[in-house]
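# Breakdown of the fold
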Amino acid sequence: MSPGTNESAPTDVGDDGLPASGGTTGAPAGPTPGAGEATGTGTGTETGTEADAGTEASTGAGTEADTGTNADAGTDAGTGTEASTGAGAEACAGTDADAGTETGTATDAGTATGVGTGTGTDAGDGDSHAADTGTAAGDTAPADGDGGVRAVPAGVPSGAAGVADGRVVAVRRVAAAGRRWRAAQLTGCVVALAVALTAGGVVLGARDDRTAPVAAVPGTGVSPQLLASADLDAGIRSLQAHLRSQPRDFGSWATLGLAYVEQARTKGDPSRYPQAERALDRSLRLRPDNDPALAGHAALAAARHRFPEALKWADRALAENPYSERALSSRIDALVELGRYDEASEAADLADSRRPGVPVFTRYAYVHELRGDVKTARRVLQQALGTATSRGDVAYVATALGQLAWNQGEYGPALTYYDRALAADEAYLPALEGRARTQAATGENAKAIRGMEDVVSRSPLPQALTLLGELYEARGGKGDARRARDQYALVDAWTALARANGVNADLDTALAAADHGDRAAALTAARAEWSRRRTVHTADALAWALHVNGRDEEALPYARRATATGYRNAAFLQHRGTIERATGHPGQARSALSRALELNPGFSPSGARAARADLKALGEAR
């Protein structure tokens with residue numbers, strides 16, 4: 001996937017994309033009720049009504065059935081009371097991982113109380129962090145910007161200092177609940193994952209925004225790399241505050257929509273995408289055909305992996321403003337992800353002539369990398385890093401250089417670039433993941449596991465979850481096999497949550513399921529993705545899905561197509577070599593497998609091990 005087409009807390013929003021009652025509070029896979037009540041059962045189903053300048057009735061895990069109307073004037077009525085009762089934060093298909101219960105009520109009129117009890121011990125392998133014992137009284141959080149307060153779940157620290165801890169605790173709870181997933185319904189698992197995604201946002205939403213001045217609204221041409229900086233959450237809160245007082249500012253609605261897209265992609269939280277869509281639609285209602293909102297829709301469609309739609313939105317935006325940096329960038333992304341590489345190269349040249357800068361430079365470099373032109377890709381990225389001035393841009397470009405170096409097996413330079421990225425933004429998740437992946441490749445497995453545990457606690461995306469699972473398997477300690485299975489189960493939960501929020505997740509499903517899940521489902525997903533877009537990545541995914549289903553003759557043309565552009569990817573070469581061996585081409589198999597290990601000997605804990613085993617079987621042990 002190209003840079004810029006990647007993936008905090010979901011909030012209750014009206015039709016305009018602003019959070020209900022003004023805060024950024026999180027709710028597990030469904031709206032937080034107001035002027036009514038919702039009961040969360042063990043299957044993750046919530047029913048109730050919400051007073052949001054109208055009414056909403058919601059049923060299900062992460063889905064909304066609108067039975068009323070939403071205010072569209074930039075403010076939301078959050079009156080009434082909130083009450084929720086559930087079978088514990090770790091309930092998954094009716095089973096509470098720690099045999100605890102939590103109950104509480106929250107009133108949106110300025111007070112909040114939360115009373116919870118948690119008792120019991122974990123029945124798993126004895127991990128100390130998985131056992132919740134004792135009784136906790138609910139915290140009363142600081143007042144939010146609209147004069148109300150937010151209840152912080154019992155056991156989650158309040159205030160800014162508790163944000164990271166809150167996320168870690170929630171993800172650990174999900175991991176504990178995962179031990180029961182083998183007997184649970186997937187719906188309950190999606191709810192558990194949603195708890196992990198929203199935990200930090202609950203605390204963030206409790207922070208007092210009244211003392212902070214309303215910041216100048218970022219310009220609608222703001223770079224997505226800048227939006228992905230550590231200040232993204234604060235920027236979104238400032239935009240929300242501004243729009244509550246200036247609801248007809250169409251440019252700020254467009255910027256808010258794009259900010260939600262970036263938040264979803266960087267934090268692995270697809271529930272933000274519907275909010276982005278509402279904000280962008282609001283901008284277009286206020287000013288039809290304004291190019292920032294059209295370009296924002298292009299970015300949203302690309303983030304949802306709807307690339308033909310992204311191309312149409314980008315072309316509409318460019319018809320209004322041929323120099324729109326966001327639209328030019330999204331057009332390149334769409335063409336790359338549709339496998340139209342010649343057109344993508346032309347689009348990159350055009351964008352470079354119109355709007356040279358970090359977003360265009362990084363895409364220009366990726367187009368060249370896909371063609372095997374690593375030298376040009378590195379030169380352009382180094383040029384981009386030399387021109388980067390903001391922390392967000394430095395982190396973004398340095399990480400791209402680290403990834404390029406890692407792909408070539410240049411682990412020392414890769415670590416240097418990742419360190420530079422983290423010096424600019426110590427919380428930049430792609431750099432943290434890249435550093436952990438490089439540490440794994442160099443044999444620093446303990447550091448790699450700690451690093452990936454940190455990454456998935458903040459952003460449980462499929463690639464990171466799969467890598468952590470493979471690292472556990474490679475370590476092979478007590479309980480590691482179960483820990484690995486838990487990560488793979490979370491991939492399934494994320495996929496379901498993504499689809500519920502309009503994301504096409506077939507490529508993620510195919511790649512993860514082929515090695516660690518349902519092989520038949522992997523093939524179905526890969527075929528579906530290939531029918532939509534014919535890229536080197538989808539060719540590789542389809543080839544591998546066919547292979548694991550015993551259809552190697554059918555797989556071979558796709559495996560060769562995946563490597564035909566010259567793209568230097570060790571995983572693609574390993575897949576091709578394995579398939580060539582299975583189809584009776586030993587010489588070509590040796591060549592492909594040897595090239596994979598020469599290019600990047602630590603490209604994957606499981607893949608590198610399989611490549612060496614195949615070479616040994618072919619009489620070419622390395």
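Residues numbered from 1 in each chain as written. Predicted model: local features only at pLDDT ≥ 70, side-chain atom pairs only at ≥ 80, totals over all residues. Heavy atoms only, no water.

### A few points about the overall build of the chain
The helix and strand tally for the chain stands at 25 helices and nine strands. Residues counted as buried form 58% of the 622 residues belonging to the chain. Looking at the chain as shown, the accessible area adds up to about 23200 Å², and 50% of this sits on carbon and sulfur atoms. (Helix = DSSP H or I, 4+ residues; strand = E, 2+ residues; numbered from the N terminus. Buried < 20%, exposed > 50% of the residue type's maximum accessible area, 1.4 Å probe, protein only. Areas by Shrake-Rupley, 256 points an atom, 1.4 Å probe, with all protein chains shown as cover.)

### Examining the nonpolar core
Val336, Val397 and Met452 are the most contacted members of the largest nonpolar core, which totals 118 residues. Counting residues in each nonpolar core, the second largest holds 22 residues, with Val261, Ala276, Leu286 and Val503 among its members. (Core = buried A, V, L, I, M, F, W, Y, C linked by side-chain atoms within 4.5 Å.)

### A closer look at the packing of aromatic side chains
All chains considered together, the criterion is met by two aromatic pairs. With a centroid separation of 5.4 Å and an interplanar angle of 85°, the aromatic rings of Trp530 and Tyr558 are classed as edge-to-face. Of this pair, Trp530 sits in helix H20 (residues 519–532) while Tyr558 sits in helix H22 (residues 552–562), and the two are 28 residues apart along the sequence. As far as the burial class goes, Trp530 and Tyr558 line up, both buried. Ring geometry for Tyr567 versus Phe572: centroids 5.7 Å apart, planes at 75°, classification edge-to-face. A cation over a ring is seen here: Arg354 above Tyr323, with NZ or CZ 5.8 Å from the ring centre. (Phe/Tyr/Trp six-rings, centres within 6.5 Å; stacked < 30°, edge-to-face > 60°. Lys NZ or Arg CZ within 6 Å of the ring centre and 35° of its normal.)

### Digging into the pattern of salt bridges
Applying the stated criterion across every chain, the model contains 26 salt bridges. Here Asp333 ties to Arg326 by a salt bridge, and the two come within 3.8 Å at their closest N and O atoms. Judged by its relative accessible area of 1%, Asp333 is buried. On the accessibility criterion, Arg326 (9% relative accessible area) is buried. Because the salt bridges share partners, they merge into one network encompassing Glu337, Arg499, Asp506, Glu529, Arg532 and Arg533. (Salt bridge = Lys/Arg side-chain N within 4 Å of Asp/Glu carboxyl O.)

### Notes on unusual backbone geometry
The backbone phi angle of Asp289 is positive, close to 65°, even though this residue is not glycine. Locating Asp289 in the fold gives a position in the loop between helix H6 (272–286) and helix H7 (291–303). For His305, which is not a glycine, the phi torsion comes out positive at approximately 65°. Along the chain, His305 falls in the loop between H7 and helix H8 (307–320).

### Re the packing of helix H12 (residues 374–387) against helix H13 (residues 391–407)
Taken N-terminus to C-terminus, the directions of H12 and H13 make an angle of 160°; their axes are 9 Å apart at the nearest point. Regarding the angle of H12 to H13, the classification is roughly antiparallel. Where H12 crosses over H13, the two elements pack in a sense that is left-handed. For the pair H12 and H13, the contacting residues are Val374, Ala377, Arg378, Leu381, Gln382, Ala384 and Leu385 in the first and Val394, Val397, Ala398, Ala400, Leu401 and Leu404 in the second. Classifying every residue of the contact of H12 with H13 by side-chain character gives 11 nonpolar, one polar and one charged. (Axes fitted to C-alpha atoms, helices over the stretch in contact; angles between N-to-C directions. Parallel < 35°, antiparallel > 145°, perpendicular 65-115°, else oblique. Left-handed = near helix turned anticlockwise from the far one by under 90°. Contact = heavy atoms within 4.5 Å. Nonpolar A, V, L, I, M, F, W, Y, C, P; charged D, E, K, R; others polar.)

### Some words on the environment of Ala395
As for its position among the elements, Ala395 is in helix H13. Taking the C-alpha atoms as reference, Ala395 lies 6.2 Å from Asp425; in sequence the two are 30 residues apart. What Ala395 contacts, discounting residues up to four positions off in sequence, is Ala421, Ala424, Asp425 and Tyr428.

### Quick notes on helix H15 (residues 429–441)
Between its first and last C-alpha atoms H15 spans 18 Å; for 13 residues at 1.5 Å apiece the expected length is 18 Å, and the two agree. Burial within H15 is extensive, with 10 of its 13 residues counted as buried. Within H15 the residues assigned to the buried category are Leu429, Ala431, Leu432, Glu433, Gly434, Ala436, Arg437, Thr438, Gln439 and Ala440. (Expected span 1.5 Å × (residues − 1).)

### Considering the side chain of Gln240
For Gln240, the location among the structural elements is in helix H4 (residues 232–245). Within the structure, Gln240 has its side chain in polar contact with the side chain of Tyr260 (distance 2.9 Å). (Polar contact = N/O pair within 3.5 Å; in protein donor to acceptor, adjacent residues only side chain to side chain.)

### A short note on helix H16 (residues 445–458)
The end-to-end C-alpha distance of H16 is 20 Å, a good match for the 20 Å that 14 residues give at a rise of 1.5 Å each. Restricting attention to buried positions, one finds in H16 the residues Ala448, Ile449, Gly451, Met452, Val455, Val456 and Ser457.

### Quick look at the packing of helix H11 (residues 358–370) against H13
Their axes nearest at 11 Å, the elements H11 and H13 cross at an angle of 10°. With respect to H13, the axis of H11 lies roughly parallel. Only Asp393, Tyr396, Val397, Leu404 and Asn407 of H13 make contact with H11, whose side of the interface consists of Val358, Thr362, Arg363 and Glu369. Per-class residue counts for the contact of H11 with H13 are four nonpolar, two polar and three charged.

### Things to note about the confidence of the model for the chain
Per-chain confidence: the chain averages 73 in pLDDT, with 63% of residues scoring 70 or above. Per-residue pLDDT stays below 50 along residues 21–192; that stretch engages in 376 contacts with residues further than four places along the chain or on separate chains. Contacts for the low-pLDDT stretch residues 194–230, under 50 throughout, to residues beyond four places or in other chains number 110 contacts. (pLDDT = per-residue confidence, 0-100.)

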